[in-house]
Amino acid sequence: MKPHTSPNRISNLIRLKQEGFEVTCFTYFEIVPLDVENEEKSYKAFIFLCQYGGTVDGEDYGFRKCYARACSDKQCDNIYQAVMTARTYAATDYNALEQAGVVLDKRRMTLAEVVKKFEGMQDEYKPIQTIQDYVEKARAGQNIRIEHRLNYISAQEYVSDYKIQMIFLMVAFIITCDGEIHQHERCYACYPKDQEALEKQDKMDIANARLKILYNKFDQVSIKHEKLFY
């Protein structure tokens, strides 16, 4: 028995494991420099991502997942905030895989090593809030409203000695909680620009599937929001 398609999401790996497939998984965390381009200005940034790879019943697979972005010239959230955000979301994925019985082989730079580089900085910044934190606040009875916009961000990604032009499907959230406004950003998929004809629709489908899960969470706790899709 073989899966119909190669897994390209954490949920795919969990489902395959639950269906009885033999799933192996290795991970390594990366901080990748970017030259971001948009209509207003260009700036340098970093993307925090994890590479997932392994086998399903002996068949190789590989995909990556972006967790946070930060600008290196302070035009957006600082790097510490991005690291803490990436830690929270990646740890959630790691735990979900391990709870499903998928043993992780953590290679190269680990998430713990990335976080360790920024130890001692937490006193300088407010605690980092993720979208799930606001879901829990709403579950506890707080009035939460979330507005958001979907963006396609073009950026040159530096890999070893060469550059790749990438398109990132980013969502910028504006959260109103107890009269205060908070901002949050997440990447829901990405693809090489020169592979746009082949990969764009698939990556949009992945992003939309992730957004559906998020909107369902919002509905369950009565967070006011609009359902937008790529």
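Here, the structure is the one placed above.
Remember, it's a predicted structure, so these values are computed and weren't measured experimentally. Per chain, the residues get numbers from 1 upward, laid out in the order the sequence is written. Local features are withheld for residues below a pLDDT of 70 in this predicted model, meaning they are given only at 70 or higher, and side-chain atom pairs are given and counted only at 80 or more; totals for whole chains, interfaces and linings count all residues. With hydrogens and water set aside, each side-chain value is computed from the structure's full complement of heavy atoms.

A.B. asks: Help me understand helix H2 (residues 79-99) in this model?
C.D. replies: Each α-helix turn comprises 3.6 residues. Residues three or four places apart therefore point the same way. With 21 residues, H2 ought to run about 30 Å at 1.5 Å a step, and its terminal C-alpha atoms sit 30 Å apart, in line with that. A simple rule labels every residue: compare its accessible area, found with a 1.4 Å probe on the protein chains alone, to the largest value its type can have, and call it buried under 20%, exposed over 50%, or partly exposed in between. Put simply, DSSP marks the helices as runs of H or I at least four residues long and the strands as runs of E at least two long, and each gets a number from the N terminus on. Taken together, the buried positions of H2 are occupied by Tyr-80, Ala-82, Val-83, Met-84, Thr-85, Ala-86, Tyr-89, Ala-90, Asp-93, Tyr-94 and Leu-97. Positive phi shows up at Gly-101, right after H2, with a value of about 100 degrees. An expected span of 1.5 Å times one less than the residue number is assigned to each helix.

A.B. asks: Would you mind going over the side chain of Arg-210 with me for this structure?
C.D. replies: With respect to the element layout, Arg-210 can be found in helix H5 (residues 196-220). When charges are counted, neither His nor the chain ends are considered; positive counts come from Lys and Arg and negative counts from Asp and Glu. Salt bridges are identified by distance alone: a Lys or Arg side-chain nitrogen within 4 Å of an Asp or Glu carboxyl oxygen. Buried Arg-210, no salt bridge; nearest opposite-charge side chain is Asp-93, N-O distance 6.7 Å. A distance of 2.7 Å separates a polar atom in the side chain of Arg-210 from the backbone oxygen of Tyr-188. A contact between two residues is defined here by any heavy atoms of the two lying within 4.5 Å. Leaving out residues up to four positions away in the same chain, Arg-210 has contacts with Asn-8, Arg-9, Lys-65, Tyr-188 and Ala-189. Pairs of N or O atoms within 3.5 Å make up the polar contacts considered here, provided that, within protein, one atom can donate a hydrogen while the other can accept it, and that residues adjacent in sequence are counted only when both atoms are side-chain atoms.

A.B. asks: Please clarify how the packing of helix H4 (residues 131-139) against H5 should be interpreted in this entry.
C.D. replies: Helices that pack against each other are described as a pair by the angle of their axes relative to one another and the distance between those axes. Packing of H4 against H5 leaves a shortest axis separation of 9 Å and a crossing angle of 20 degrees. On the basis of their axis angle, the class for H4 and H5 is roughly parallel. The handedness of the crossing between H4 and H5 comes out as left-handed. On H5, the residues touching Ile-131, Gln-132 and Val-135 of H4 are Leu-214, Lys-217 and Phe-218. Broken down by class, the residue content of the contact of H4 with H5 amounts to four nonpolar, one polar and one charged. Axis lines are fitted through C-alpha atoms, for helices just across the contact stretch, and the angle between N-to-C directions can take any value from 0 to 180 degrees. Every angle not falling under 35 degrees, over 145, or within 65 to 115 is termed oblique; those three ranges are roughly parallel, roughly antiparallel and roughly perpendicular. Left-handed describes a crossing whose near helix is turned anticlockwise from the far helix through less than a right angle; right-handed describes the clockwise counterpart. Residues are grouped as follows: nonpolar covers Ala, Val, Leu, Ile, Met, Phe, Trp, Tyr, Cys and Pro; charged covers Asp, Glu, Lys and Arg; every other residue, Gly included, is treated as polar.

A.B. asks: What's the story with the nonpolar core in this structure? I'm lost.
C.D. replies: It is characteristic of soluble globular proteins that their nonpolar side chains tend to be buried jointly. Membership of the largest hydrophobic core comes to 52 residues, with the highest contact counts inside it found for Tyr-52 and Leu-97. Element by element, the count of residues in this core is highest for H2, at nine residues. Apart from the residues within four sequence positions on either side, Tyr-52 is in contact with Ile-10, Cys-25, Phe-26, Thr-27, Tyr-61, Gly-62, Phe-63, Lys-65, Tyr-67, Asp-93, Tyr-94 and Leu-97. Counting residues in hydrophobic clusters, the runner-up holds 16 residues, among them Val-32, Cys-71, Met-170 and Cys-187. Buried residues of nine kinds, namely Ala, Val, Leu, Ile, Met, Phe, Trp, Tyr and Cys, make up a nonpolar core once their side-chain atoms join them within 4.5 Å.

A.B. asks: Explanation requested: the packing of aromatic side chains in the structure shown.
C.D. replies: Two numbers describe a pair of aromatic rings. These are the distance of the centres and the angle of the planes. What counts as a ring pair is set by centres within 6.5 Å for rings of Phe, Tyr and Trp (its six-membered ring), and what kind of pair is set by the plane angle: stacked under 30 degrees, edge-to-face over 60, tilted for all other angles. On inspection of all chains with the given rule, the structure shows six aromatic pairs. With 5.3 Å between their ring centres and 20 degrees between their planes, Tyr-52 and Phe-63 make a pair best called stacked. Residue Tyr-52 is located in strand S2 (residues 42-56), and its partner Phe-63 is located in strand S3 (residues 59-71); the two are separated by eleven residues in the primary sequence. Under the relative-accessibility criterion, Tyr-52 is labelled buried at 2%. Arranged with centres 5.4 Å apart and planes meeting at 75 degrees, the rings of Tyr-152 and Tyr-230 form a pair that is edge-to-face. Note that Tyr-152 is positioned in strand S5 (residues 144-159) and Tyr-230 in the segment after H5, a separation of 78 residues in sequence.

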